[in-house]
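# Structure at a glance
Okay, here's what each chain looks like letter by letter:
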Amino acid sequence: MSGTNNIEDALSSYIIGRDTVKPNRPRFHIDAGNLKSAIALLKQCLGDEALYLSNIIGVDKVAEGVIELNYFIHVVPLGNTIVIRVTVPRDKPQVSSLIDVIPGALSGECEAYDLLGVEFIGNRYLRRGFFVPVDVASRGVFPLRKDAKV
Amino acid sequence: MSIVREALKNLLSKPATIEYPKKPVPIEKDFRGRHYADLRKCTGCTLCAIECPSNCITMEKLPENAKLKHNPRGLYPNIRYMSCVFCYRCVRVCPVDAYVTTNEYRLSSVKEVFSKELTLQTLG
Amino acid sequence: MCMGDSASIIYYRWFQRGKAFISSIAVVIRVLMSKLIRYSPWLAHFNTGACNGCDIEVLASITPIYDPERYGVKLSPSVRHGDILIVTGVVTKKAAERLRRLYEQMPGVKYVVAVGACAYDGGVFKGSYSISGGAGKVIPVDAYVPGCPPRPEEILRALLILLNRERVKESERH
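Just so you know, these numbers come straight off a predicted model, no measurement behind them.

Thresholds applied
- Residues numbered from 1 in each chain as written.
- Chains lettered and ligands numbered in written order.
- Predicted model: local features only at pLDDT ≥ 70, side-chain atom pairs only at ≥ 80, totals over all residues.
- Heavy atoms only, no water.
- Contact = heavy atoms within 4.5 Å.
- Helix = DSSP H or I, 4+ residues; strand = E, 2+ residues; numbered from the N terminus.
- Buried area = accessible area lost by both parts, 1.4 Å probe.
- Salt bridge = Lys/Arg side-chain N within 4 Å of Asp/Glu carboxyl O.
- Nonpolar A, V, L, I, M, F, W, Y, C, P; charged D, E, K, R; others polar.
- Polar contact = N/O pair within 3.5 Å; in protein donor to acceptor, adjacent residues only side chain to side chain.
- Buried < 20%, exposed > 50% of the residue type's maximum accessible area, 1.4 Å probe, protein only.
- Arc of directions from axis to C-beta.
- Pairing = 2+ DSSP bridges.
- Axes fitted to C-alpha atoms, helices over the stretch in contact; angles between N-to-C directions.
- Phe/Tyr/Trp six-rings, centres within 6.5 Å; stacked < 30°, edge-to-face > 60°.
- Lys NZ or Arg CZ within 6 Å of the ring centre and 35° of its normal.
- Domains from an automatic or database assignment.
- Core = buried A, V, L, I, M, F, W, Y, C linked by side-chain atoms within 4.5 Å.

### Looking at the arrangement of the chains
- Contacts are most numerous between chains B and C, taken over all 2 pairs of chains that touch.
- Separated without contact, chain A and chain B have their nearest C-alpha atoms at a distance of 20 Å.

In structure tokens, the structure reads:
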């Protein structure tokens, strides 16, 4: 946990909330507008090859009217995974894209767009029929939303 | 020189092939194979059909001449083996332990295979 | 009728005889192939969106422990050289059009074997929005191997039953 204290201090100006998913996996809540600068700062502190973005998981919460995006980042020199959570409003889900900071975010962002409808500004490879079959995509349905009728 | 020794050893030993259809493959006794319902115990509660994750159990009505006291609804399960994943949830959830389990896995065929014949044979 | 017309009629008649000769040779070759395919069928394998469980078992059945080469069966490098198409996986909508194209690219006498519960009608994924429900909806299937995943020796036995090289008892021949 000492290694992640380092990260917490580095990002302390951006973090709005903090909790733990399970032992040894902290989760930091960050504002949607600050995401790109926070990740750039992390990359600057830890080095160019220290971050591995393994997954972008989106959760649709209808009752609160938000969509949560969880970025699972594995920090290689510490051998630890941290989670960064960003919340976007459900009727206008837009976040800045990470592909110029971490190019490996391409597949996660395309999947989150195709299945949940979250737009990533700055990613010009977003396309509707990428993962979802064409007849579902042409109806404008996002299959992983809770109120989707497929 | 040890490679020559290895080569000679492999040349003179028996091949490791199991000649399958002619000789049986060793298999454990509790391998999850072909299972079917025993009508002397089944009560027709349809819990197995509700539990099956791939929806392959259909409930059928008993033939006309069989009136069983412990089966008031007169239903019994018919398993479609082609779609079954052999998870054995139906065997575990049955409240009266009415499933007969075997380790028979040789079910590949040209037509579809059901459990109806084996189940009706248990009647008697 | 001038000279040129009668010459072209003679050439046309020889042309028709040549075509008939070649097509009768083609019929003879096809009949011979359907008898000889029993003795050395080559497999082409296609995964239409599976979890890879059935793929691992198909590849395990090609290894020397179960030795399919004693029956002349081997994995072919491409679909154009294959005789039997082995389909694994739940057939997703995007893979279904490719499967149809692959089946039409296979030449001559061909068979299809659907391995696993998913390739029969979708298995545990029945009713999902992105699958088209089993290989039988897209191409004509000749044999099924149930199981999740089936054992590798069972996949080999399905090929032998298909080619009539395995003596099954009448009560077991479903």
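### Overview of the environment of A:Asn5
- With respect to the secondary-structure elements, A:Asn5 resides in helix α1 (residues 2–10).
- Considering only alpha carbons, one finds A:Asn5 and A:Pro26, 21 residues apart in sequence, at a separation of 9.9 Å.

### Overview of the interface of chain A and chain C
- Counting from both sides, the interface comprises 10 residues of chain A and, opposite them, 4 residues of chain C.
- Surface buried jointly by chain A and chain C totals about 500 Å² across both partners, of which 67% is contributed by carbon and sulfur atoms.
- The tally of links between chain A and chain C comes to 1 salt bridge.
- The closest approach of N and O atoms between A:Asp135 and C:Lys93, which form a salt bridge, is 3.1 Å.
- In the side of chain A that touches chain C, the residues fall into 8 nonpolar, 1 polar and 1 charged.

### Considering the interface of chain C and chain B
- On the chain B side, the residues contacting the 28 residues of chain C number 30 residues.
- Across the chain C/chain B interface, buried area totals approximately 2600 Å², and carbon plus sulfur atoms make up 60% of it.
- The interface formed by chain C and chain B includes 0 salt bridges.
- Taken together, the connections running from chain C to chain B amount to 11 residue pairs in polar contact (both at pLDDT 80 or more).
- Counting residues per element, the ones that place at least two in the side of chain C that touches chain B are α4 (118–121), β5 (143–145) and α5 (152–162) of chain C.
- Looking at the side of chain C that touches chain B element by element, the count peaks at 6 residues for α5(C).

### What to know about helix α2 (residues 53–60) of chain C
- Within α2(C), the full set of buried residues consists of C:Cys54, C:Asp55 and C:Val58. Across the axial projection of α2(C), the buried residues extend over an arc of 100 degrees, all falling on one side.

### Side note on the pattern of salt bridges
- Scanning the entire structure with this criterion turns up 19 salt bridges over all chains.
- Note that A:Arg27 is salt-bridged to A:Asp19, the shortest N-O span being 3.0 Å.

### Some thoughts on the sheet that holds strand β2 (residues 25–30) of chain A
Residues and elements named next belong to chain A.
- Strand order in this open sheet of 5 strands is β1-β2-β5-β4-β3, and the pairing throughout is mixed. Two strands bound the open sheet, and with one partner strand each, they are β1 (15–22) and β3 (51–61). Pairs of neighbouring strands in the sheet enclose a mean axial angle of 25 degrees, with direction left out of account.
- Relative to β2, β1 runs antiparallel, the two sharing 6 bridges. Bridging from a neighbouring strand, Gly17 pairs with His29 of β2.

### Points about the packing of aromatic side chains
Residue and element names in this part refer to chain C.
- Counted according to the given criterion, the structure contains 4 aromatic pairs over all chains.
- Here the guanidinium or amino end of Arg17 rests over the ring plane of Trp14, the centre of that ring lying 5.0 Å away.
- One Lys or Arg, Lys74, reaches over the ring of Trp42 and ends 4.7 Å from the middle of that ring.

### Overview of the sheet that holds strand β4 (residues 111–115) of chain C
Residues and elements named next belong to chain C.
- Taken in spatial order, the 5 strands make up an open sheet running β2-β1-β3-β4-β5, and their pairing is parallel. This sheet does not close on itself; its edge strands, each paired only once, are β2 (74–75) and β5.
- Each of β1 (42–47), β3 (84–88) and β4 is contacted by helix α3 (residues 93–105), which is oriented at about 165 degrees to β1, the strand it contacts most.

### Some words on the domain arrangement of chain C
Residue and element names in this part refer to chain C.
- Taken domain by domain, chain C holds domain 1 (1–36) and domain 2 (40–162).
- Summarising the inter-unit geometry, the C-alpha centres of domain 1 and domain 2 are found 39 Å apart.
- Listed by partner, the interface residues are 4 residues for domain 1 and 4 residues for domain 2.
- On the domain 1 side of the interface with domain 2, the three residues burying the most area are Arg30, Met33 and Ser34, jointly 82% of the side's total.
- Counting the contacts that link domain 1 with domain 2 gives 0 salt bridges.
- Remark: the boundary between domain 1 and domain 2 carries 0 residue pairs in polar contact (both at pLDDT 80 or more).

### What to know about the nonpolar core
- B:Ile57, B:Tyr99, C:Leu85 and C:Ile139 are the most contacted members of the largest nonpolar core, which totals 44 residues.
- In terms of residues, this core owes the most to one element, α3(C), which gives 4 residues.
- A:Ile39, A:Ile73, A:Val95 and A:Phe120 belong to the second-largest nonpolar core, a separate cluster that totals 31 residues.

### Notes on the environment of B:Leu11
Residues and elements named next belong to chain B.
- Looking at where Leu11 falls in the secondary structure, it is placed in helix α1 (residues 2–12).
- Leu11 sits in the exposed class, given a relative accessible area of 66%.
- Residues Leu11 and Gly33, 22 residues apart in the sequence, show an inter-C-alpha distance of 38 Å.

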